[in-house]
Amino acid sequence: NLFVFYFFCCVNYMGACPEIKQDWSDHALWWEQKQQWLLKPSWTLDKCGIHADARLCLTPQHKPLRLLLPSGVTLRLRACFSSPVFRCVTGLCKLLNIRRPEELSLLWPVEEKKKKKDKDVEGELYDITRAPLPSSIIPKLANGMPAFFAETPETEAVYKMLAVSQPAPAPETIAKLYRSTNITEKAHINSRWLDSSRSLLQQGVKENDKLLLRFKYYTFHDISPQADAVRLTQLYEQARWAILLEEIECTEEEMMVFAALQYHIGKVSLTEQFVASCPAMDDLDSALQCLEVKMEGESSADDMLVSSMTYTQPKRLTLKGYKQYWFTFKDTTISYFKSKEESCKEPIQQMNLKGCEVAPDVSVAGQKFCIRLLIPGPEGMNEVYLRCEHEQQYSRWMAACRLASKGKTLADSSFSSEVQSIQSFLAMQKTTPSTNAAQTDESINTHSLVSPRYQKKYKPKQLTPRILEAYQNVAQLSLTDAIQKFLQIWQALPDFGLSYIVVRFKGCRKDEVLGIANNRLIRIDLSVGDVVKTWRYNTMRQWNVNWDIKQVAIEFDGNVNIAFSCVTADCKIVHEYIGGYIFMSTRSREQSNTLNEELFHKLTGGHEAL
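Residues numbered from 1 in each chain as written. Predicted model: local features only at pLDDT ≥ 70, side-chain atom pairs only at ≥ 80, totals over all residues. Heavy atoms only, no water.

> Outline helix H15 (residues 571-584), listing residues and values.
Helix length check: H15, at 14 residues, gives a terminal C-alpha distance of 20 Å against a target of 20 Å (1.5 Å per residue), a fit within 8%. For H15, the tally of buried residues reaches 13 of 14 residues, placing the bulk of the element in the interior. Measuring from the backbone nitrogen of Lys572 back to the side-chain oxygen at the start of H15 gives 2.8 Å, which picks out Asp570 as the cap. (Helix = DSSP H or I, 4+ residues; strand = E, 2+ residues; numbered from the N terminus. Expected span 1.5 Å × (residues − 1). Buried < 20%, exposed > 50% of the residue type's maximum accessible area, 1.4 Å probe, protein only. Polar contact = N/O pair within 3.5 Å; in protein donor to acceptor, adjacent residues only side chain to side chain.)

As structure tokens, this is what we get:
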């Protein structure tokens, strides 16, 4: 059997090189022709299908890998090249003290065309290959960090770099970073994800190759500031660079708030010390959060909204003409009437917002508070604008629309917190008088705080006072609160969490874009970028992949069937996204931290896993 074969390989090597002492416990056989690991020692060579001409390589299962984190820090560490990427990422996250590893995955970096003078230029590399291999045992913590990092001042400094936001790089470095300029280039990024069901070596990853560790699934479960220092910081860095490199769209006012929060986080990070987590306090905080959720669920909320607002349903090549109506919002449905007196009669129209797209169209300075709705219809998405009279009205109606799009009503316990979150964000966009000292602060590097679009539109001396005005509204926040507020606003952006794939739908002659989110699929017109149709996961009955012709077929309620082939990525990536998000929806706070890896592979692995 294979175990005996291992033994003879090791004996022969030791006989040839008796002076070399080596630990063989991590070695395994790699079958080059089949691109396959032989990991079942009880099996015979014949059972594995190995013949005399087979080329087998006895090699370590854990090899050095260069891992680039969202914060820009590059680590050299040992990763498992023999287990599926899902399990490999779990081991890496355990080493780095990142909880919920199922939300992350590995992808290839963008190939950069280097100039001759930049040939040898590369960022600093932090070597932690001496770290023990991850095991099923929960790693011991020392001073709030894994015991390995607490061994020396050097490794402790590396861990603090992971757990605390780092200063932004120089403008020259930012200018060299890859930036996608259109939706097709954004779609190409998603073609670089590694297959979670196969090992690194099976996918062509070699020793000392560079891979990116990124959050792949935009559904972040059970974030605890005390236990998730590294997770929270790396998530903030990924969100920050998504905004700076224009991977996600935001308005000018939102950009100034993001810039102010970055400036504040950068200042506080230099002075606020790294705080170690205490397991007992983490358990207490978790229990208090559960109690808070239960108490919110028991509180009563209004089951209906009524307001006078203006409404328009714009058409192409025409101006938006708003008309005044009387609106009511009950359950997940908006009804509108000609006047308040006629609200007891039949409405002019009713709009069920379940499954719709909700986006803000707001200018606090211009006192513009509009809600843009894309409502699914038989012939596509119907665009509707609601204009509110003031921010209090806007906050309540926007919160109601967001909940209704997810199938939730006004009685849901999250309605009040959603309203408060929207009001808090509007308050941040208000300009407040600031001191002359703040207005003349020249320490702000605006090139590291705003995206290139606004760098071209405004000069630094124009951006600085605007950023400082927004900074006055966030200056009192602690480091953790500022990071959480940044993430909260990021998650409220209309395009948050969308991963794009260029596809061709069955029966169509032109390419279109499929947007994959944590709760829905979106069909987007590639030429103009308009949303054509939205399908919710909770209406999905089944999905299948024809691996021979590389086609994905999905069936929804109401006898709705769609099928498409992928243009910019393998259909396995789409299959893994859909199955992965469904897997994420099965998690709950009551569950233990043990991952159901078998269920994940059943949902994402396709025919190979089964």
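Once the structure has been displayed, the description carries forward.
> So what's going on with the sheet that holds strand S18 (residues 499-505)? Which residues, and what values?
Pairing between the strands of a sheet is mediated by backbone hydrogen bonds and can be parallel or antiparallel. One open sheet accounts for 7 strands, arranged S21-S20-S19-S18-S24-S23-S22; its pairing is antiparallel. Edge positions in the sheet fall to strand S21 (531-536) and strand S22 (540-546), since each of these pairs with one other strand and no more. Averaged over all adjacent pairs, the angle separating strand axes in this sheet is 30°, with direction ignored. In this sheet, strand S20 (residues 520-524) lies alongside strand S19 (residues 512-516) in antiparallel orientation, the contact comprising 4 bridges. Within S20, the residue paired with Gly515 across the bridge is Ile522. This element, H15, spans S18, S19, S20, S22, strand S23 (551-556) and strand S24 (560-566) of the sheet and lies at about 155° to S22. (Pairing = 2+ DSSP bridges. Axes fitted to C-alpha atoms, helices over the stretch in contact; angles between N-to-C directions. Contact = heavy atoms within 4.5 Å.)

> So what's going on with the packing of aromatic side chains? Which residues, and what values?
Going through the model one piece at a time under the given rule, you end up with 27 aromatic pairs. Summarising the aromatic geometry, the rings of Phe215 and Phe220 are spaced 5.9 Å apart at their centres and angled 90° between planes, so their arrangement reads as edge-to-face. Here Phe215 and Phe220 have matching classes, each one buried. An aromatic cluster of three or more residues is present, and its members are Phe215, Tyr218, Phe220, Trp490 and Phe496. The ring of Trp31 has Lys34 lying over it, and the distance from NZ or CZ to the ring centre is 5.9 Å. (Phe/Tyr/Trp six-rings, centres within 6.5 Å; stacked < 30°, edge-to-face > 60°. Lys NZ or Arg CZ within 6 Å of the ring centre and 35° of its normal.)

> Lay out the nonpolar core in plain terms, naming residues and giving numbers.
Across soluble globular proteins, nonpolar side chains show a tendency to be buried alongside one another. Within the largest apolar cluster, 118 residues are counted, with the highest numbers of intra-cluster contacts made by Leu75, Leu96, Leu106, Leu200, Trp490, Ile554 and Phe564. Counting residues per element, this core draws most heavily on helix H7 (residues 252-271), at 10 residues. (Core = buried A, V, L, I, M, F, W, Y, C linked by side-chain atoms within 4.5 Å.)

> Account for the sheet that holds strand S7 (residues 125-127), naming residues and giving values.
The mixed open sheet is built from 5 strands, whose spatial order is S6-S10-S4-S5-S7. On the outer flanks of this sheet lie strand S6 (104-107) and S7, each paired with one strand and no other. Each strand axis lies, on average, 45° off the axis of its neighbour in the sheet, ignoring direction. The sheet contact formed by S6 and strand S10 (residues 210-215) spans 4 bridges and is antiparallel. The residue bridging Leu104 from the neighbouring strand is Phe215, located in S10.

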